[in-house]
Amino acid sequence: MPASSPRGLSILGSTGSVGTQTLEVAALFPERFVIHGLTAGSNVDLLAEQARRVRPQCVAIADASKAATLRDRLADTAVEVLAGADGLREVATLDAADLVMGAVVGFAGLPPVLAALRAGKDVALANKETLVVAGALVTEAQRAHGAHVLPVDSEHSAIFQCLTGEDDATVERIVLTASGGPFRTRDPKTFSAITPAEALDHPNWSMGSKITIDSATLMNKGLEVIEARWLFDLAPDAIDVLVHPQSIIHSMVAFSDGSMKAQLGVPDMKVPIQYALSYPERWPAPHERLDWTTIAALDFEPPNTDAFPCLRLAYDALRAGGTAPAVLNAANEVAVALFLDEAIGFMDIPRAVEEALQALAAPETPRDLDTLRAADAAARRHVKELLLPA
Ligand code: NAD
Ligand code: MG
């Protein structure tokens, strides 16, 4: 039983893969957390069910057209129902919560996360697009408001755990591991025939559809390289990617004395989610243990950026700076959504991202959210015109 009083927690994107697993982790520690706010994009059924279960102070649904239904479902409770982008921001900045889980997918997660940091709240951040698009603004908000970003992404949690107790100045490089996705061994000549169902069949992780497609194109690893640049203040050349198909080593750090540290475990997001919630402590939990008797080998190979250009494009965008990462992210979000709708082919995703970067990336570093919104909107328009000509 913890001696301290429970922490106030709000979960942005509580109906998603990371959001539901965050609720599962919080339920393991009922004395440690009080949940004050939950949000969803449009899944009224699950949000209402979650709200009835954990009884937060308020919930927000981004799709405002669903607010009336949600109010109806919660009419016999004291839960306040908010809607739209303002509703999300309100949940992100509730007085009673001092820790916010950022588990919305895509650019939509950025404004509430920024608002939470600016209100001085610590943010357990799964929503990597936030750091890709607005790494400088997020870093600035942390510094100005004494708030902390705690990594949830498994690779970044691994690096964070390896860095505990170390002097940052002794870090030579980091190695982000990548499963390689479902098409690691497939003949690249057949990539244009890849269907959404094939791309959604990830070998090791069960996740939301957008990140699963990103894992298949290796854009996910590219976004993670940019995420690592901001979380750990590293130059692009100090961030390596290594394909490791078993996803047992979650990432590694190389230090200046020639030593390396790695963090290992079964692929289970509940472990990094819990570490972000328990940091700087570790709490006993019944998550699945690594069983060495079932692991035949740990394999490694370099990533193939000819077959998977998205990883190279992400490094290019990181090095270019300015609005390039925001353009990369927006172009990718639109292309992935169109691929999931079967409106475009798999290789149209890197094509659209490359095209958008060439046409739109500007060298000036965006200083505010509005500039980023404009870059995001322009890239979305550009990709739709490119891929869906009238
Ligand atoms: P998901 O699609 O399962 O869930 C996304 C959540 O965001 C849902 O609650 C959804 O209702 C909400 N949402 C979607 N669109 C929205 C909008 N426009 N406005 C407000 N809310 C909206 O996604 P996920 O797999 O849980 O991933 C969430 C984030 O965490 C992503 O950025 C992803 O890259 C990152 N991440 C996920 C995993 C994983 O294992 N799933 C691992 C590492 C990082
Ligand atoms: Mg990851």
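Heads up: these notes are all about the structure in this document. (Residues numbered from 1 in each chain as written. Chains lettered and ligands numbered in written order. Predicted model: local features only at pLDDT ≥ 70, side-chain atom pairs only at ≥ 80, totals over all residues. Heavy atoms only, no water.)

Observations regarding the site of ligand 1
Now for step 1: Not every one of the 23 residues close to ligand 1 is listed here, only the nearest: T15, S17, G41, E129 and G208.
Now for step 2: Compared with its free state, where it exposes 820 Å², ligand 1 has 84% of that area covered by protein.
Now for step 3: Among the elements of the structure, α1 (17–28) and α6 (128–145) are those that each provide at least two residues to the shell around ligand 1.
Now for step 4: Residues belonging to the shell around ligand 1 are distributed by class as follows: twelve nonpolar, eight polar and three charged. (Near = heavy atom within 4 Å. Areas by Shrake-Rupley, 256 points an atom, 1.4 Å probe, with all protein chains shown as cover. Helix = DSSP H or I, 4+ residues; strand = E, 2+ residues; numbered from the N terminus. Nonpolar A, V, L, I, M, F, W, Y, C, P; charged D, E, K, R; others polar.)

Let's talk about the sheet that holds strand β8 (residues 171–178)
Now for step 1: Taken together, four strands build an open sheet; the order of strands is β9-β8-β10-β11 and the sheet is mixed. Single-partner strands in this sheet number two, and they are β9 (239–243) and β11 (260–264). Averaged over neighbouring strand pairs, the angle between their axes works out to 20 degrees when direction is ignored.
Now for step 2: As paired elements, β8 and strand β10 (residues 249–255) share five bridges and run antiparallel to each other. Its bridge partner being in β10, R173 is matched across the sheet by A254.
Now for step 3: Across the sheet, helix α10 (residues 219–232) is in contact with β8 and β9; its angle to β8 comes to roughly 150 degrees. (Pairing = 2+ DSSP bridges. Axes fitted to C-alpha atoms, helices over the stretch in contact; angles between N-to-C directions. Contact = heavy atoms within 4.5 Å.)

Structural notes on the packing of aromatic side chains
Now for step 1: For the structure on display, the rule yields ten aromatic pairs.
Now for step 2: Note on F160 and Y275: the rings are 6.0 Å apart at their centroids and 75 degrees apart in plane angle, and the pair reads as edge-to-face. You can see F160 sitting in helix α7 (residues 154–163) and its partner Y275 sitting in helix α11 (residues 270–278), a full 115 residues away along the chain.
Now for step 3: Centre to centre, the rings of F183 and F346 are 5.4 Å apart; their planes meet at 80 degrees, and the pair counts as edge-to-face. (Phe/Tyr/Trp six-rings, centres within 6.5 Å; stacked < 30°, edge-to-face > 60°.)

A few points about helix α4 (residues 84–92)
Now for step 1: Regarding α4, the residues found buried are G84, G87, L88, V91 and A92. Buried residues in α4, looked at end-on, bunch into an arc of 140 degrees, giving them a common side. Of the exposed residues in α4, the ones pointing more than 90 degrees away from its buried face are A85 and D86.
Now for step 2: Residues of α4 that are buried make contact with β1 (7–12), β2 (33–40), β3 (58–61), β4 (80–83), β5 (99–102) and α5 (110–118). (Buried < 20%, exposed > 50% of the residue type's maximum accessible area, 1.4 Å probe, protein only. Arc of directions from axis to C-beta.)

Some remarks on the environment of S247
Now for step 1: Mapping S247 onto the fold places it in the loop between β9 and β10.
Now for step 2: Along the primary structure S247 and A343 are separated by 96 residues, whereas in three dimensions their C-alpha atoms are 31 Å apart.
Now for step 3: Ignoring anything within four residues of it in the chain, the contact list for S247 reads S179, N204, W205, G265 and P267.

Considering the side chain of T15
Now for step 1: Within the secondary structure, T15 sits in the loop between β1 and α1.
Now for step 2: Using a relative accessible area of 19% as the deciding quantity, one classes T15 as buried.
Now for step 3: Not counting the four nearest positions on each side in its chain, T15 is found in contact with T20, T39, A40, N43, L46, L47 and Q50.

A short note on the sheet that holds strand β6 (residues 122–125)
Now for step 1: If you trace the seven strands from one edge of the open sheet to the other, you get β4-β3-β2-β1-β5-β6-β7, paired in parallel fashion. Edge positions in the open sheet fall to β4 and β7 (149–151), since each of these has one partner strand only. Within the sheet, the average angular offset between the axes of one strand and its neighbour, ignoring direction, is 20 degrees.
Now for step 2: In this structure, β2 lies alongside β3, joined through four bridges in parallel fashion. Bridge assignment links A40 to a residue of β3, and that residue is I61.

A word on the packing of helix α12 (residues 309–320) against helix α13 (residues 324–340)
Each pair of packed helices can be described by the angle between their axes along with the distance between the axes.
Now for step 1: Their axes nearest at 7 Å, the elements α12 and α13 cross at an angle of 150 degrees. Relative to α13, the element α12 is oriented roughly antiparallel. In contact with L313, A314, A317 and A320 of α12, α13 contributes A324, P325 and L328.
Now for step 2: Residues belonging to the contact of α12 with α13 are distributed by class as follows: seven nonpolar, no polar and no charged. (Parallel < 35°, antiparallel > 145°, perpendicular 65-115°, else oblique.)

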